[in-house]
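# Observations on the three-dimensional arrangement
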Amino acid sequence: MRLIPVVAASVVASTAAYGLALAADVTLELVEPITEYKIYVAENTEELVKDTEEFVAAIKAGDVEKAKSLFAPTRTSYEAVEPIAELFSDLDVSIDARADDYEQGEKDPKFTGFHRIEYVLWEQNTTDGLGEYADQLQADVTDLNDRINSLTFPPEVVVGGAAALMEEVAATKISGEEDRYSRTDLWDFQANFDGSEKIFELLKPIVSEQDPDFVAKVQANFDQVDETLAKYKTDHGFESYEKLTDSDRALLASRVNTLAEDLSTLRGKLGLD
Amino acid sequence: MTTFKPSRPKHHPRGASRRQVLVGFGTGAVALAGGRALAGSEGDEQVAVAPKGNADQLQRQSFYGIHQAGITTARPAAGLVTAFDLIVQSPDDLETMLRLLTERISFLMHGGETPTADPKLPPPDSGILGPVIEPDNLTITVSFGASLFEGRPWLAPLKPRQLVRMTQFPNDALDRDICHGDLAIQFNANLQDTNIHALRDIVKNLSQFMVLRWSQEGSVPVAAPMEDGREPTARNFLGFHDGSANPNSTDTALMNEIVWVGPHNDEPEWAHGGTYQAVRIIRNFVERWDRTPLREQEEIFGRAKATGAPLGAGPGATEYDTPDYASDPDGAITPLDAHIRLANPRTRASEENLILRRAFNYSNGVASSGQLDQGLLFIAYQADLEKGFIAVQNRLNGEPLEEYIKPVGGGYFYALPGVRDPGDYLGRSLVEAVRRRATSPS
């Protein structure tokens, strides 16, 4: 909570620097939601560091089953804050790149992070050879946490982040290609939707004044996503992506595309360039 | 060939000057001059300069009528079929979707200035055709698949009687990723860019209801007029004329019999004015075909490759000559299993199997085998699906051509009746039938 005054000041400073002449009133209104969002992100990256410690410990102990069980829950706090995490593209590549980001696929030594570990755990059913990747993951998420804590959040990134998360899901996740070895994609979906909905919730009071129909439509689509994903909840998380029916996948695809479409207007509605 | 030289070479002609340009062309010249083919004719243009448009871009098909456009309408050079899954959970959803789709299609087919918005917002139009959209002969034809009805109890009783999920024929190797769908849209235009622009507009505006399932582009090659001045059919990617025996699509009475569903068909009343659409993505093994002796190719089709004339039809014959199977009962001239002979045996009985074909050639790059992935985006319209495409395809099962072709995708759909006027909307008769059922005592 000590953070708040500092963040608030930096938000105002940065919006001034972005030259939002017309949006003077709005940017003041944004101070509080962005402060809140910064806390949300900080809590998530702190959780990420903590959960990764446990995940890495299981890998180092050679406990394949425990490592597998911690893979998806560890990732969720990263997935929820991806719009901010992705600002550090060096870390994002190191933490979350997929095999098909490399021409040589899984054979490429630069293929590191969560998905390298996922590949070895599920495809090779071992923790052998993962020590170095686990150490690097820990170092990367710790670095990410430090960098985010000293970051001034650009308002347009925060506001645009709601749509950016939906674009991610729409373009490269709905097909089930993210967690292709573990099939834990639904955990990621939920985290991405939660991260997007968080931003929307924080901005809702401002937007609903000018466009209540928009807010109602977006909220209804988030609700339908939540209801659909809830069908796949288990005691300890989510069913395998393979359990997702064609009709539920189509519904999620339509909602995520429509959320991306609608949330892409948020920046403009708030007068941000 | 007639060469097209725009009066104002650096600019797309506008306003009155465009009308003069349009009047200045004979239709043959316009068809031949075809858009981009002549882009290099100026000689001293920079590489970066866009190919020139021509009067074709001003051609407009009416969106309004008792039937949808794009079925008996003359076939332009560029085709695209896209299938969607629908998120439609109630009659209200269906109506909202169809009204929105109607609004988009009527705008896209008419053309005009694209809407603008505050630059802080995403632009409402993709802008890929610039700030003014030319109609470019665009037709957008909407059809429903069996799954739309079957998955929804309030729609199921209204399914057109013959509408089923496409089943596998013996030579098919259907890929589920490019089959079926709740809804299909056929886009036809002079330029593929016009189809793509329209598709993107619909995807953007209807994401709440429509999820892309598969999409296939195709094209129709130009052809020079025949010696007697008649216009030939286009060639497919096997090098043969395709559609020679198509029924005359300008003959309204014939189309009412062959294509359009009406009171004489055993179909729900809402479906009158519509038609069954069979879409097939038929891969051609073109390398193998090109290594096949010409005589064998001709016997497989039953036509001369150069002219399209029926085999044995004599000198000067064209693709429009009618093959004389009666005097060739044993297939000495045209083998009994030749493609055109099986497809249309030219008997009184086979007249009830006539269909209106509207095919496009496709080229999808390279298959995993390292061979070319090319083929035919086959589209056929008929009032009776069983007597039409299904009966014809059943006769073709086992034909020698199967060595060279492999149907891999597509589906059966029902093209909706037309939108009669600006107060009407696509599928209104179906929505009203749904509502009548909901209020009538069962």
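Residues numbered from 1 in each chain as written. Chains lettered and ligands numbered in written order. Predicted model: local features only at pLDDT ≥ 70, side-chain atom pairs only at ≥ 80, totals over all residues. Heavy atoms only, no water.

### With respect to the overall build of chain B
- Looking only at helices and strands, chain B has 11 helices and 11 strands in total.
- Counting across all 442 residues of chain B, residues that qualify as buried make up 53%.
- Counting every atom, chain B has about 20200 Å² of accessible surface; 52% of that belongs to carbon and sulfur. (Helix = DSSP H or I, 4+ residues; strand = E, 2+ residues; numbered from the N terminus. Buried < 20%, exposed > 50% of the residue type's maximum accessible area, 1.4 Å probe, protein only. Areas by Shrake-Rupley, 256 points an atom, 1.4 Å probe, with all protein chains shown as cover.)

### A few points about the packing of aromatic side chains
- Summed over all chains, the structure comprises 23 aromatic pairs over all chains.
- Here F144(B) and F149(B) contribute two aromatic rings whose centre-to-centre distance is 6.2 Å and whose plane-to-plane angle is 70 degrees, an arrangement assigned as edge-to-face.
- With a relative accessible area of 0%, F144(B) lands in the buried category.
- Centre to centre, the rings of F378(B) and F389(B) are 5.6 Å apart; their planes meet at 50 degrees, and the pair counts as tilted. Of this pair, F378(B) sits in strand β10 (residues 372-382) while F389(B) is found in helix α10 (residues 386-396), placing the two residues 11 residues apart along the sequence. We note that F378(B), like F389(B), is buried.
- Cluster of aromatic residues (ring-pair linked, three or more members): F144(B), F149(B), W270(B), Y276(B) and Y414(B).
- Positioned over the ring face of F214(A) is K269(A), at 4.6 Å from the centre of the ring. (Phe/Tyr/Trp six-rings, centres within 6.5 Å; stacked < 30°, edge-to-face > 60°. Lys NZ or Arg CZ within 6 Å of the ring centre and 35° of its normal.)

### Considering the interface of chain B and chain A
- On the chain A side, the residues contacting the 11 residues of chain B number 20 residues.
- Around 1300 Å² of area is buried between chain B and chain A when both sides are counted, 52% of it from carbon and sulfur atoms.
- Salt-bridge contacts for R176(B) lead to D246(A); the nearest nitrogen and oxygen are separated by 3.0 Å.
- Our enumeration of links across chain B and chain A arrives at eight residue pairs in polar contact (both at pLDDT 80 or more).
- Among the residues forming the side of chain B that touches chain A, the class breakdown is four nonpolar, three polar and four charged. (Contact = heavy atoms within 4.5 Å. Buried area = accessible area lost by both parts, 1.4 Å probe. Salt bridge = Lys/Arg side-chain N within 4 Å of Asp/Glu carboxyl O. Polar contact = N/O pair within 3.5 Å; in protein donor to acceptor, adjacent residues only side chain to side chain. Nonpolar A, V, L, I, M, F, W, Y, C, P; charged D, E, K, R; others polar.)

### Re the UniProt feature "binding site: heme b" (unreviewed entry) in chain B
Residue and element names in this part refer to chain B.
- Here the UniProt feature "binding site: heme b" (unreviewed entry) sits at G243, S244, A245, H339, N344, P345, R346 and R357.
- In this structure, S244 sits in the loop between β6 (210-219) and α6 (252-258).
- The class of S244 is buried, set by a relative accessible area of 12%.
- The contacts of S244, once residues within four sequence positions are left out, are T233, R303, E319, Y320 and R357.
- For R346, a relative accessible area of 33% corresponds to the partly exposed category. (UniProt positions renumbered as here; feature names shortened; annotations may be inferred.)

### Brief notes about the pairing of strand β4 (residues 139-145) of chain B
Residues and elements named next belong to chain B.
- With respect to burial, β4 is a largely interior element, seven of its seven residues being buried.
- Going residue by residue along β4, you find T139, T141, S143 and G145 tucked away on one face and I140, V142 and F144 tucked away on the opposite face as well.
- Looking at chain direction, β4 and strand β5 (residues 183-189) are connected through six bridges and run antiparallel. Of the residues in β5, the one forming a bridge with I140 is F187.
- Sheet topology note: the β4/strand β11 (residues 405-415) ladder contains three bridges and is antiparallel. The residue of β11 that forms the bridge with S143 is A415. (Pairing = 2+ DSSP bridges.)

### A look at the confidence of the model for chain B
Residue and element names in this part refer to chain B.
- Averaged over every residue, the pLDDT of chain B is 91; residues scoring 70 or more account for 90%.
- Note that pLDDT drops below 50 for residues 1-39; the model gives that stretch 48 contacts with residues more than four away or on any other chain.
- Predicted complex, confidence summary: ipTM 0.87, pTM 0.89. (pLDDT = per-residue confidence, 0-100.)

### A word on helix α5 (residues 89-96) of chain A
- Of all the residues in α5(A), the buried ones are L91(A), D92(A), S94(A), I95(A) and D96(A).
- Tucked inside the fold, the buried residues of α5(A) contact α3 (64-79), α4 (82-85), α6 (113-123) and α7 (131-149) of chain A.

### Topic: unusual backbone geometry
Residues and elements named next belong to chain A.
- Of note, the phi angle at N125 is positive, near 55 degrees, even though the residue is not glycine.
- Structurally, the position occupied by N125 is in the loop between α6 and α7.
- Although it is not a glycine, R183 adopts a positive phi angle of roughly 60 degrees.
- Taking the relative accessible area as the measure of exposure, R183 reaches 18% and is therefore buried.

### A few points about the side chain of Q138(A)
- Of note, Q138(A) is situated in helix α7.
- Ignoring any residue separated from it by four or fewer positions in sequence, one finds Q138(A) in contact with V49(A), T52(A), E53(A) and V56(A).

### A few points about the pairing of β10(B)
Residue and element names in this part refer to chain B.
- Burial analysis of β10 places 10 of its 11 residues in the buried class, the great majority of the element.
- Looking at chain direction, strand β7 (residues 275-284) and β10 are connected through nine bridges and run antiparallel. Following the sheet pairing, V279 is matched in β10 by I379.
- Note that strand β8 (residues 356-357) and β10 share two bridges and pair antiparallel. When the bridges of β10 are listed, R357 appears paired with A380.
- Linkage of strand β9 (residues 360-366) to β10, two consecutive antiparallel strands, is achieved through a turn of five residues, within which G370 is found at a positive phi near 90 degrees.

### A closer look at the UniProt feature "domain: Imelysin-like" (unreviewed entry) in chain A
- Those places that UniProt annotates as "domain: Imelysin-like" (unreviewed entry) correspond, in this numbering, to residues 35-265 of chain A.
- Helix makes up 71% of residues 35-265 of chain A and strand 2%, whereas the separation of the span's terminal C-alpha atoms amounts to 21 Å.

### Considering the packing of helix α9 (residues 185-210) of chain A against helix α11 (residues 246-263) of chain A
Residue and element names in this part refer to chain A.
- Between α9 and α11, the shortest axis-to-axis distance is 13 Å and the interhelical angle comes to 30 degrees. Between α9 and α11, the angle is such that the two are roughly parallel. Note that α9 runs across α11; the crossing there is left-handed. Facing F189, F193, S196 and F200 of α9, the residues of α11 in contact are L252, V256, L259 and L263.
- Class assignment for the residues of the contact of α9 with α11 results in seven nonpolar, one polar and no charged. (Axes fitted to C-alpha atoms, helices over the stretch in contact; angles between N-to-C directions. Parallel < 35°, antiparallel > 145°, perpendicular 65-115°, else oblique. Left-handed = near helix turned anticlockwise from the far one by under 90°.)

### A short note on the pattern of salt bridges
- Overall, the coordinates contain 41 salt bridges over all chains when judged by the stated rule.
- Through salt bridges that share partners, R75(A), E79(A), E82(A), D96(A), R98(A), E168(A), K173(A), E177(A), E178(A), D179(A) and D188(A) make up one connected network.

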